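Below, each chain spelled out in residue letters.
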Amino acid sequence: TDVFLLCFDIANRASYASVTSRWLPELRKFGEGRPFVLTGTKADLRPSVQSAVRPEEGAQLARAIGASAYRECSAETQEGLQDTIATSVRAALGR
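The sections below set out a description of the structure shown in this document. (Residues numbered from 1 in each chain as written. Predicted model: local features only at pLDDT ≥ 70, side-chain atom pairs only at ≥ 80, totals over all residues. Heavy atoms only, no water.)

This part takes up the packing of aromatic side chains. Aromatic ring pairs are defined here through the distance separating the ring centres and the angle between the ring planes. Evaluated as defined, the whole model comprises two aromatic pairs. Taken together, a centroid distance of 6.2 Å and an interplanar angle of 10 degrees make the contact between Phe8 and Tyr70 stacked. Of the two residues, Phe8 is situated in strand β1 (residues 4-9) and Tyr70 in strand β3 (residues 69-72); the sequence distance between them amounts to 62 residues. Tyr70 shares its class with Phe8; the two are buried. (Phe/Tyr/Trp six-rings, centres within 6.5 Å; stacked < 30°, edge-to-face > 60°. Helix = DSSP H or I, 4+ residues; strand = E, 2+ residues; numbered from the N terminus. Buried < 20%, exposed > 50% of the residue type's maximum accessible area, 1.4 Å probe, protein only.)

So, in structure tokens, the structure goes:
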């Protein structure tokens, strides 16, 4: 694996919290120092969920945990999907 996407559901605060409590330790244990992109999924749901994770919260978490970048996307609407993929490729290539 050249790059990991560490994903959480933007509309689910518990999913966001599990990034640091569950998935980051797993990634650090088994990811062998590989780069990773923190990725907020289901961005299309943000307008309908009052407690949704804000973009600045995701960016702040990405900086705090040493992610290569923070991106948001929606598989439903395809919003941000190409940018997330391109960012992941750049991270894998060390750019």
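And the narrative resumes.
Turning to the sheet that holds β1, a few remarks are in order. Pairing is parallel in the open sheet, where three strands are placed in the order β1-β2-β3. Looking at which strands have only one partner, the edges of the open sheet turn out to be β1 and β3. Strand after strand, the sheet turns through a mean of 25 degrees between neighbouring axes, direction not considered. Taken together, the six bridges between β1 and strand β2 (residues 36-41) define a ladder with parallel strand orientation. Looking at β2, one finds that Asp9 is bridged to Thr41. The sheet strands contacting helix α2 (residues 55-65) are β1, β2 and β3, and the helix crosses β3 at an angle near 150 degrees. Against the sheet, helix α3 (residues 81-92) contacts β1, β2 and β3, and its axis sits at roughly 160 degrees relative to β3. (Pairing = 2+ DSSP bridges. Axes fitted to C-alpha atoms, helices over the stretch in contact; angles between N-to-C directions. Contact = heavy atoms within 4.5 Å.)

A few words now on the side chain of Ser18. With respect to the helices and strands, the residue Ser18 is situated in helix α1 (residues 13-30). Given the relative accessible area of 17%, Ser18 is considered buried. In this structure the side chain of Ser18 is engaged in a polar contact, spanning 2.7 Å, whose partner is the backbone oxygen of Ser15. (Polar contact = N/O pair within 3.5 Å; in protein donor to acceptor, adjacent residues only side chain to side chain.)

Tallied over the entire structure, the rule returns six salt bridges. Between Glu56 and Arg54 there is a salt bridge, with the nearest N and O atoms lying 2.8 Å from each other. Since its relative accessible area comes to 47%, Glu56 is described here as partly exposed. Here Glu57 and Arg54 are joined by a salt bridge, their closest N and O atoms 3.6 Å apart. Residue classification places Glu57 among the buried residues on the basis of a relative accessible area of 13%. With relative accessibility at 44%, the residue Arg54 sits in the partly exposed group. Through salt bridges that share partners, Arg13, Arg54, Glu56 and Glu57 make up one connected network. (Salt bridge = Lys/Arg side-chain N within 4 Å of Asp/Glu carboxyl O.)

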